[in-house]
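# Analysis of the macromolecular model
Each chain, written out:
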Amino acid sequence: MSADLALPARLLMGSGPTNPDPRVLRAMATGLVGQFDPAFTALMAETQDRLRQVFRTRNRSTFPVPGTSRAGMEAAVVSLVEPGERVVVVENGRFGLLFEEIARRAGAEVTVVRAPWGEPVDPDDVRRSLDATPAAAVLVVHAETSTGVMNPVRELAAAAHRQGAVVIVDAVCSFAGAPLETDAWELDVVVAGTQKCLGCPSGLGPVTYSDAIAARMAQRRSPIRSNYLDLTQIDRYWSPERLNHHTAPTTMVYGLREGLGIVLEEGVEARIARHRGAGAAMAAGLLALGLELYGQPPGPGKMPMLAPVRVPDGVDDAAFRARLLEAHGVEIMGAFGSLAGRIWRIGTMAGNARPAAVSRTLGALADVLGPPAREALRDALAAADQHFDTLARAPAPA
Ligand SMILES: Cc1ncc(COP(=O)(O)O)c(C=O)c1O
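As the structure is a prediction and not an experimental result, all values here were calculated from the model.

### Observations regarding the side chain of Ser79
In this fold, Ser79 is placed in helix α3 (residues 69-80). Among the residues examined, Ser79 registers a relative accessible area of 0% and is labelled buried. A distance of 3.1 Å separates a polar atom in the side chain of Ser79 from the backbone oxygen of Leu229. Excluding residues that lie within four positions of it along the chain, Ser79 makes contacts with Met217, Arg220, Ile224, Leu229, Asp230 and Leu231.

Encoded structure:
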C-alpha cells in the first residue's frame, strides 16, 4: 500500500509561490462537475466578474488561460503579434528577457529597450525607440520580480499609444498587491499571476484585453500559430457561446474564484495597503538585522511586496537558504543571471503580507545568520512593527 502524501509545512517567503489561503485549497477539494454543467458555467461567469473587479476593467475579454503565467504571456503575444511584425520589448530583468524570447519565437521583429537590472525603464527611451522604428506593440513587465523594480507602465502605455502601438503588460506579480488600473491607465492587454499576491496555486494565467484588441486578433492576416494558446478560441469558450476548446481545469477555476473572492472581501485598496505595509515592515526589519537592500529605494520604482537583499560577504547563498528551510521551514529565493548568488529575494505576498509571517522570517534569518544579527532581532522586530502600525492601515494612493 502506498502511504498518503506527506510534505513538510513551509512558510513560502520567496518571490512566489506564496502559501495559498486555506479557503482556496478547500475550494479546490470540491467535487468535480463537467465543464459545461450549468453550475460550472455560472461559476465561470462569476469568476470573470471577480477578475474584472481586480483588474479594474470592464473588458468583456477577461478570463484565465490554462497554464502558468507565462502561458498567459505567450498567449497574448502569439495571438496578437503576426510573424514579421515589429515589437518593442522592455528588458530590465529576467522576465523582460522572457518576453523577448517569447516574441522572437512568435516570429516578431524585436527591438529591445534595455535598462540596467535594478533600475526602472525610462519612458523617454521607449519614446525614442518608437520614433526611430515604429512598432505594433510594446511588451513590458510591470513588477520585475527578478530585481524588485516596478516599471512605469502607465507612462509607457501613453508613449506607445502616441506612436500607434499597443501595450502588453505582465502584471503577474503586481496583480492584487500593487496599484494596477487596466482601464484608467489604458492598458491594452494585461496578464496576471495566481501564485503571488492573489494567494492561489500556480496553474492559470488570467488575462484581460480590450474590444479593440479582440477585433485586431479576429482580423489577423495569418492564423494564430498555437491552438492551445489561441486567445480567440479560449475567449469563445469563456463567452456565452461556450465553444469547446480545452478540457477546463475546473479545480483550478474553483480556487481562482475563491482567491478573488477573498481579495474582494478585503477590498483591493486595503489589500494593496497591506502589501505596502508588510513590504516596508520586512525591509525595516532586514535593515535592522544588518542586511543591505539591493536596487531601488522605497518609491514608485520599487516593488512593495518584494525585498531584494544582498547576500552578506562570506555567506554561501545556497547553503544558507537550505539551512533556513531545514531548520525553520522558511523558503526565500535566490536570483538569476548576474545576480545569482548575490541577492536573495524575500517576498511578502497574499496571506504572508502579515506581521506573523514577517516576524517569523526575521527570526529565522537572524538565527541562521548568527551573531550579531541574533542580538539585533529585538530591534528588527520593533522596526517591522512600527510599519505595521502605521502603513498597513493607510489608504492606497489614488
Ligand atoms: C513577473 C513575472 N512574470 C512571469 C512569471 C512567469 O510565471 P510562471 O512561472 O507562472 O509561468 C513570473 C514568475 O515568477 C514573474 O514573476
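So that's the structure; there's more coming.
### Considerations on the site of the ligand
The ligand sits among Thr68, Ser69, Arg70, Met73, Phe95, Val141, Ala143, Thr145, Asp170, Val172, Gln195 and Lys196. Side-chain polar atom of Thr68 to an oxygen atom of the ligand: 2.7 Å apart, as the coordinates give it. For the ligand, an oxygen atom lies 2.7 Å from a polar atom in the side chain of Lys196. Compared with its free state, where it exposes 390 Å², the ligand has 88% of that area covered by protein. With respect to the pocket detection grid, the ligand is positioned in the second largest pocket. Among the elements that line the shell around the ligand, the one with the most residues is α3, at three residues. For the shell around the ligand, the per-class residue count stands at five nonpolar, four polar and three charged.

Reading the values: rules and limits
Residue indices begin from 1 for each chain and proceed along its sequence in written order. Restriction of local features to residues with pLDDT of at least 70 applies here, the model being predicted, together with a cutoff of 80 or more for giving and counting side-chain atom pairs; totals for whole chains, interfaces and linings are based on all residues. Hydrogen atoms and water are omitted, and side-chain values are computed over all heavy atoms in the structure. Runs of H or I in DSSP of at least four residues are treated as helices and runs of E of at least two as strands, each being numbered from the N terminus. Categorising residues by exposure relies on relative accessible area from a 1.4 Å probe, with only protein chains included: less than 20% of the type maximum marks a residue as buried, more than 50% marks it as exposed, and the intermediate range marks it as partly exposed. Polar contacts here mean pairs of N or O atoms no more than 3.5 Å apart (in protein, one a potential hydrogen donor and the other a potential acceptor; neighbouring residues in sequence count only if both atoms are side-chain atoms). Two residues qualify as a contact provided that any one of their heavy atoms is within 4.5 Å of a heavy atom in the partner residue. Whether a residue is near a molecule or strand depends on its heavy atoms: it is near if one of them lies within 4 Å of it. Method for areas: the Shrake-Rupley scheme with a 1.4 Å probe, in which residue coverage is limited to the protein chains shown. Only protein atoms enter the 1 Å grid used here, on which a cavity is any set of points holding a 1.4 Å probe that cannot leave and a pocket is any open set flanked by protein within 12 Å on both sides along at least five of seven lines; residues with an atom within 4 Å of a point are listed as lining. Whether a molecule sits in a cavity or pocket is decided by its atoms, more than half of which must lie within 2 Å of the grid points. Residues are sorted three ways: Asp, Glu, Lys and Arg are charged, Ala, Val, Leu, Ile, Met, Phe, Trp, Tyr, Cys and Pro are nonpolar, and all the rest, Gly among them, are polar.

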